[in-house]
Amino acid sequence: MKNLLDTKTILSILYLEDSQQDFEIIQELLIDAGYRVSIDRVENEKEFVSSLLRQSFDIILSDFNLPGYDAFSALRKSIEICPEVPFIVVSGTIGEVTAIELIKLGADDYILKDKPERLPYAINRALEEVIAKKALKLSEKELRKSEIMYRTLTENIPDIVTRFDTNLRHIYINSAIEKIIGTPPHSFIGKTNEELGMPTEQVSIWNEQLLHVFKTAKQRKIEFSFLTSGGVRYFSSLAVPEFSKDGKVVSVLSVARDITERKKSEVELIKAKEKAEESDNLKTAFLHNISHEIRTPMNAIVGFSSFLNDPDLPSEQRQNFTDIIVQSSNQLLAIITDIISVATIEAGQAKTNEKETNLNTICKLLNEQYKLKAQEQNVFMSLKTNLSDNDALVITDEIKLTEILANLIGNALKFTQQGTVEFGYSLEQNALKFYVEDTGIGIPPELISEIFTRFRQVETTSSRQFGGSGLGLSISKAYVELLGGQMWVTSELNKGSVFYFTIPYKKTIPSNLSINHVNSINKESNKSKTLLVAEDVDSNFVLLEVLLSGIELNLIRAKNGLEAVDICKSNPQIDLVLMDIKMPVMDGYEATQQIIEFRPDLPIIAQTAFYTENDRSKAIECGCIDFISKPFNRESFISKIKQHISK
Ligand code: ADP
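About the cut-offs
- Residues numbered from 1 in each chain as written.
- Predicted model: local features only at pLDDT ≥ 70, side-chain atom pairs only at ≥ 80, totals over all residues.
- Heavy atoms only, no water.
- Pairing = 2+ DSSP bridges.
- Helix = DSSP H or I, 4+ residues; strand = E, 2+ residues; numbered from the N terminus.
- Axes fitted to C-alpha atoms, helices over the stretch in contact; angles between N-to-C directions.
- Contact = heavy atoms within 4.5 Å.
- Core = buried A, V, L, I, M, F, W, Y, C linked by side-chain atoms within 4.5 Å.
- Buried < 20%, exposed > 50% of the residue type's maximum accessible area, 1.4 Å probe, protein only.
- Phe/Tyr/Trp six-rings, centres within 6.5 Å; stacked < 30°, edge-to-face > 60°.
- 1 Å grid on protein atoms, 1.4 Å probe; cavity = no way out; pocket = protein on both sides within 12 Å on 5 of 7 lines; lining within 4 Å.
- Points joined across faces, edges and corners; volume = space filled by probe spheres on them.
- Nonpolar A, V, L, I, M, F, W, Y, C, P; charged D, E, K, R; others polar.
- Expected span 1.5 Å × (residues − 1).
- Arc of directions from axis to C-beta.
- Salt bridge = Lys/Arg side-chain N within 4 Å of Asp/Glu carboxyl O.

**Examining the sheet that holds strand E2 (residues 36–42)**
At step 1: What the five strands build is an open sheet, ordered E2-E1-E3-E6-E7; its pairing is parallel. Each edge of the sheet is formed by a strand with only one pairing partner; in this case those strands are E2 and strand E7 (109–112). Each strand axis lies, on average, 25° off the axis of its neighbour in the sheet, ignoring direction.
At step 2: Strand direction decides the pairing type here: strand E1 (residues 10–16) and E2, joined by seven bridges, are parallel. By the bridge assignment, Ser12 is partnered in E2 with Ser38.
At step 3: Lying over the sheet, helix H3 (residues 71–81) contacts E1, strand E3 (59–62) and strand E6 (87–91), oriented at roughly 165° with respect to E6.
At step 4: Here helix H5 (residues 119–156) sits on the sheet in contact with E1, E3, E6 and E7, set at roughly 165° to E6.

See below:
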């Protein structure tokens, strides 16, 4: 841009003057005053207007009286065409009133021709004004620009921007507030937070912050919360002082950011940490318990086994010790089973194996099984079944249902010193509702919801009176849910508990496989039967030999899967195969598959220490007709063999 006050700058001047002589005087005067000028002289309206339209000038000088034209008209024209260019009247005849009128109309100055020496001063002043006006315009423009930018910015950010005056009233708030709490910004203006109905607690947090900033002139950070229609939202606000020219804090600007999500994840993290710690503590307690639970039967097994070697041991004592060893082994097995069940449930691998099942049979067997124990404890045990044997024939997972009931009855007896334990079921709205009720120690109300959690036991002290891994209920509940039902408990401390669970009632049409027919096998019919036992471990084979010694059978042994296949090929008289799964050379799955290719009717029973539902279904998929898990329960093992060999 041209610096008009620089003496090196050539000023372009339009001079409306009909007298050549006057023009020359003025031109000379300006040159003498040190101006470098380029002056266009015009003599009438036409020339004046066309010059203004054609070119831009730094200054316009105008005579007052011209033939057919005058300074008033020229001034109006110049204001119309180029309002920013200074207009100075140079005249010999102008009176004071006219001069004032000209100034009022917009002329910058007037010079009398008999005192022309004032002209350079007038030009200088007019140019200074032009420069000042331009600067002002520029800064106004900049201000407007930055104002627009600032507004665009504050109106488009998600943060809440608020300005407070010294009375803590809102003097500005951006539209983010409306998006967050639904109140438009104008409702805030001129009001304090208190007047806006902010909760007292929040008001005092805000006021404390704002007053602090006003007082110390230092920024301050706070956190506060708002109750919005979508729930509580948390904000972190930074309040900064705004100063007047003399350094006083005149307002405080606060920028508040929504930190709800961060807060939530903080809370979740804390919860997760607490949960992890709790679970860690539970696991430690569990390990202690498990260790105790395993060591107790192990101690009995190791201790009493060593006495058995004593040839002088009286037979009555020997029998007693053997009973203890068997009982302890069963206890140990139950714990291992529980741990595996939990691992299976946790891995999401637990599956159901639903088939025709008679509820009454299950209940009666369990009643028989636990009655003795109850009698020993002087607890009266009873069973209430609600359906006829025919109606009690349902489709469900017999093993899991038995396990659930056995666990609940076991617990009821464990936690009941005297009184009764009653169990049974009823049919309610197409669901079977089972219950196990006791008059035992009961459960404290605050722990009722906890006992279904893994490893959770009411008593956690080292002097625990009752054994148990703390896994039974969590397994049972998981099984009930797997079967499509629910489990819950009602209990009163020192009065007793009732555990309930439901399963869907899927009735079946009675088949021939009624309870009374199972296991009714004629011993004589086995005389000519041949059983192939595929078993690689000698001690296991010896055990099988002993177990089977009560049945008259021809026993053949194979030491691996391949041998089993070969023996089956060369011995068509084989009636039944007892197939171990984990064997060298060829495993039991493979051997079964090969055998049923040439002997599709030969029944093969898998026998394995692998225990899970998956192992069972894999064996069935390979062609086995049944599954026996190790260690064998003597009675059920023999009844299974009898059942299959008699077919
Ligand atoms: P545990 O092997 O310890 O019995 P459970 O998961 O079966 O494990 O039971 C968890 C806890 O629930 C028990 O330790 C006991 O504190 C409480 N509990 C379960 N059944 C009963 C009951 N019938 N009466 C009183 N307390 C019970």
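**Topic: the nonpolar core**
At step 1: Ranked by internal contacts, the top residues of the largest apolar core, which has 45 residues, are Leu405, Leu432, Phe434 and Phe501.
At step 2: The element contributing the most residues to this core is helix H11 (residues 398–414), with eight residues.

**Here's the deal with the side chain of Ser51**
At step 1: With respect to the helices and strands, the residue Ser51 is situated in helix H2 (residues 45–54).
At step 2: In contact with Ser51, not counting residues within four places along its chain, are Leu14, Val42 and Phe57.

**Thoughts on the packing of aromatic side chains**
At step 1: A full pass over the atoms with the stated rule returns 14 aromatic pairs.
At step 2: Taking 5.6 Å as the distance between ring centres and 45° as the angle between the ring planes, the aromatic pair formed by Phe164 and Trp206 counts as tilted. Of this pair, Phe164 sits in strand E8 (residues 160–164) while Trp206 sits in helix H7 (residues 200–216); the two residues are 42 residues apart in sequence, bridging distant segments of the chain.
At step 3: Look at Phe164 and you get buried, because its relative accessible area is 0%.

**Quick notes on the sheet that holds strand E18 (residues 487–492)**
By way of backbone hydrogen bonds, the strands of a sheet pair with one another, either parallel or antiparallel.
At step 1: The five strands lie next to each other as E14-E16-E17-E19-E18, forming an open sheet whose pairing is mixed. Two strands lie at the open edges of the sheet, namely strand E14 (379–384) and E18, each paired on one side alone. In this sheet, neighbouring strand axes are inclined to one another by 15° on average, regardless of whether the strands run parallel or antiparallel.
At step 2: The sheet contact formed by E14 and strand E16 (residues 419–428) spans six bridges and is parallel. Directly across from Lys384, in E16, lies its bridge partner Gly424.
At step 3: Against the sheet, helix H10 (residues 359–376) makes contact with E14, E16 and strand E17 (431–438), and its axis sits at roughly 175° relative to E14, the strand it touches most.

**Here we look at empty space enclosed by the protein**
At step 1: Per the counting criterion, the structure on display carries one cavity of 30 Å³ or more.
At step 2: In this model, the largest cavity occupies a volume close to 80 Å³.
At step 3: The wall of the largest cavity is formed by 13 residues, among which Ile160, Thr162, Ile177, Trp206 and Phe226 lie closest to the centre.
At step 4: Sorting the residues of the lining of the largest cavity by element identifies E8, strand E9 (170–173), strand E10 (220–228) and strand E12 (249–258) as the ones contributing at least two each.
At step 5: For the lining of the largest cavity, the per-class residue count stands at nine nonpolar, four polar and no charged.

**Quick notes on the environment of Ala606**
At step 1: Among the structural elements, Ala606 can be located in strand E23 (residues 604–608).
At step 2: Here Ala606 falls in the buried class, since its relative accessible area comes to 0%.
At step 3: Sequence spacing of Ala606 and Gly588 is 18 residues, and the spatial spacing of their C-alpha atoms is 7.6 Å.

**Regarding the environment of Ser51**
At step 1: Here Ser51 falls in the buried class, since its relative accessible area comes to 3%.
At step 2: Placed 350 residues apart in sequence, Ser51 and Leu401 show a C-alpha to C-alpha distance of 110 Å.

**What about H7?**
At step 1: If you check H7, its first and last C-alpha atoms are 24 Å apart, about what 17 residues at 1.5 Å a residue would give, namely 24 Å.
At step 2: Listed as buried for H7 are Gln202, Val203, Trp206, Gln209, Leu210, Val213 and Phe214. The arc enclosing the buried residues of H7, seen along the axis, measures out at 140°, which places them on a common side. Along H7, the residues that are exposed and aim more than 90 degrees away from the buried face are Thr200, Glu201 and Lys215.
At step 3: Count one or two residues on from H7 and you reach Ala217, which has phi positive near 60°.

**Comments concerning the pattern of salt bridges**
At step 1: Applying the stated criterion across every chain, the model contains 28 salt bridges.
At step 2: The residue Glu208 makes a salt bridge to Arg220 at a minimum N-O spacing of 3.2 Å. Taken together, the positions of Glu208 in helix H7 and Arg220 in strand E10 put the pair twelve residues apart, joining distant regions of the chain.
At step 3: The class of Glu208 is partly exposed, set by a relative accessible area of 42%.
At step 4: Lys364 serves as the salt-bridge partner of Asp389, at 3.9 Å between the closest nitrogen and oxygen. With Asp389 in the loop between E14 and strand E15 (393–396) and Lys364 in helix H10, the pair connects residues that are 25 residues apart, well separated along the chain.
At step 5: Accessibility expressed as a relative area gives 34% for Asp389, which makes it partly exposed.

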